[in-house]
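# Coordinate analysis (summary)
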Amino acid sequence: MKTIIRLLAGSFIILLSLIIFTSCARNSQSSGKYNSFHPGEIWLDNNGVAINAHGGGILYENGIYYWFGEHKIAGKAGNVAQVGVHCYSSRDLYNWQDEGIALAVVEDDSTHEIAKGCILERPKVIYNAKTGKYVMWFHLELKGSVYKSARCGIAVSDKVTGPYTYIHSIRPNREAWPVNVLDIHKKPYNTDANAAFTGGSLPGHPDTLNILGRDFAAGQMSRDMTLFVDDDGTAYHICASEENSTLHTSALTDDYLATAGKFSRVFVNRFMEAPAICKYNNKYYFIGSGCTGWLPNAARSAVADSIMGGWQELGNPCVGPDSALTFHSQSTFILPVAGKEGAFIFMADRWNPENAIDGRYVWLPLEFKDGRIIVQWRDEWDLSVFDK
Ligand code: DGJ
């Protein structure tokens, strides 16, 4: 009888410990203590608030990752900038501390280039060792211009978390020809076809229409964009240009504050958005998307020996169920994991245009296999996947 009582008491204690452990684990997760990634699920910061950094990018410095992204608000109104660029920091990539608004939109001057209500997307921050400044670039649409401005906004700060000071916006590569310019570009552009074009899909090939020549004097269009700093410290701006038909890769000046005038046209007439780049074993890898607004489509990938061009397309890097829709998301950045050779995280946004603040983050490990890059869905994963 005593043995039965002891056994029952023992089982009760084990059960109680399990209940306490599970409830602690749940509580600690709700206060932001994670030890794994949960793609597509709500991700809480140190204050228990959902991380608000959409279309983001990450800068790594001295053991800390800094995540910069668009701060969205509830409803459809959240698709235009109401607050600015939000910054979070993390030492382990799972748990993020709110560092506040790194770049705020301007509330008291509706004519300002980054006035509240402008469109401010895909902010990326890089550090310039020569000037000691943190430099932020983002896609800017002036208030009311609804994707017609196609400009780059540039801001700087002495401190990584900000506040960033807005400098100005530009159309890149004004009065410069790309390294792979064609004869047709230097001829008068097709005014008749261009006059008929009021947005949407292009009525012809970008070279026949000569969109590049059209924008030579004013500067080239720049919508979805990313930044990439190469091993030699040269930074590049990669953006969707020529009415989204073609990507442009531009070297930046030494201070990273402007395009240097050296650029190339890549993926001509492929209509790609959401560019993200990484470098592994001396090769550059690219992931992007097609152009379907906020709706997901199949991702694209490519490899090249030079960041300026010669891309060989590798097809959709995503495999398995929902791969044709990039797991209902769109690329934003490829994050090298510090201290782990060959470890990269594919970062993507699951947009929610009806309730912008509820867009989710899809982070998945990138695999290199048979010359291709592969992204597979996982409900939950941690950085140990890179140790295998
Ligand atoms: C897709 C882009 O990748 C997003 O950043 C955003 O510009 C939407 N289009 C707007 O429709």
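Residues numbered from 1 in each chain as written. Predicted model: local features only at pLDDT ≥ 70, side-chain atom pairs only at ≥ 80, totals over all residues. Heavy atoms only, no water.

What follows is about the confidence of the model for the protein. Looking at the protein as a whole, the pLDDT averages 92, with 89% of positions reaching at least 70. At the low end of the mean pLDDT range in the protein sits helix 1 (residues 2–30), at 43; at the high end sits strand 6 (residues 133–141), at 99. Across residues 7–31 the pLDDT falls below 50, and counting only partners more than four positions away or on other chains, this stretch makes 8 contacts in the model. (pLDDT = per-residue confidence, 0-100. Helix = DSSP H or I, 4+ residues; strand = E, 2+ residues; numbered from the N terminus. Contact = heavy atoms within 4.5 Å.)

With that settled, the discussion passes to the site of the ligand. Within the structure, the ligand sits among E121, R122, Y147, D224, E273, G293, W294 and Q330. Y147 places a polar side-chain atom, nitrogen or oxygen, 3.5 Å from an oxygen atom of the ligand. Within the complex, the protein chains bury 92% of what would otherwise be the 290 Å² of accessible surface of the ligand. In the shell around the ligand, the residues fall into 2 nonpolar, 2 polar and 4 charged. (Near = heavy atom within 4 Å. Polar contact = N/O pair within 3.5 Å; in protein donor to acceptor, adjacent residues only side chain to side chain. Areas by Shrake-Rupley, 256 points an atom, 1.4 Å probe, with all protein chains shown as cover. Nonpolar A, V, L, I, M, F, W, Y, C, P; charged D, E, K, R; others polar.)

In terms of nonpolar packing, the biggest core is built from 43 residues, with W67, L93, W96, I345 and W363 touching the most fellow members. Looking at this core, the elements with two or more residues in it are strand 2 (64–71), strand 13 (273–280), strand 14 (283–289), strand 18 (330–336), strand 19 (344–350), strand 20 (360–369) and strand 21 (372–376). F68, L103, Y134 and Y166 belong to the second largest nonpolar core, which has 23 residues in total. (Core = buried A, V, L, I, M, F, W, Y, C linked by side-chain atoms within 4.5 Å. Buried < 20%, exposed > 50% of the residue type's maximum accessible area, 1.4 Å probe, protein only.)

Moving on, we get to the environment of A77. Tracing the sequence through the fold places A77 in the loop between strand 2 and strand 3 (84–90). Overall, the relative accessible area of 37% leaves A77 in the partly exposed class. A C-alpha to C-alpha distance of 9.7 Å links A77 and I357, two positions 280 residues apart in sequence.

Assignment of secondary structure puts T226 in strand 9 (residues 225–229). Overall, T226 belongs to the buried group, its relative accessible area being 1%. Every residue in contact with T226, bar those within four places of it in the chain, is listed here: K124, Y236, H237, I238, P275, A276, I277 and F333.

Moving on, we come to unusual backbone geometry. A negative phi angle is the norm for most residues apart from glycine, just as the trans form is the norm for most peptide bonds. In the segment running from G162 into P163, the intervening peptide bond is cis, with an omega of 5 degrees. Looking at the element boundaries, P163 is found in the loop between strand 7 (151–157) and strand 8 (165–170). Unlike most non-glycine residues, R122 shows phi in positive territory, near 55 degrees. You can see R122 is positioned in strand 5 (residues 119–128). You will see that F267, though not glycine, has its phi angle at about 50 degrees, which is positive. Within the secondary structure, F267 sits in the loop between strand 12 (259–266) and strand 13.

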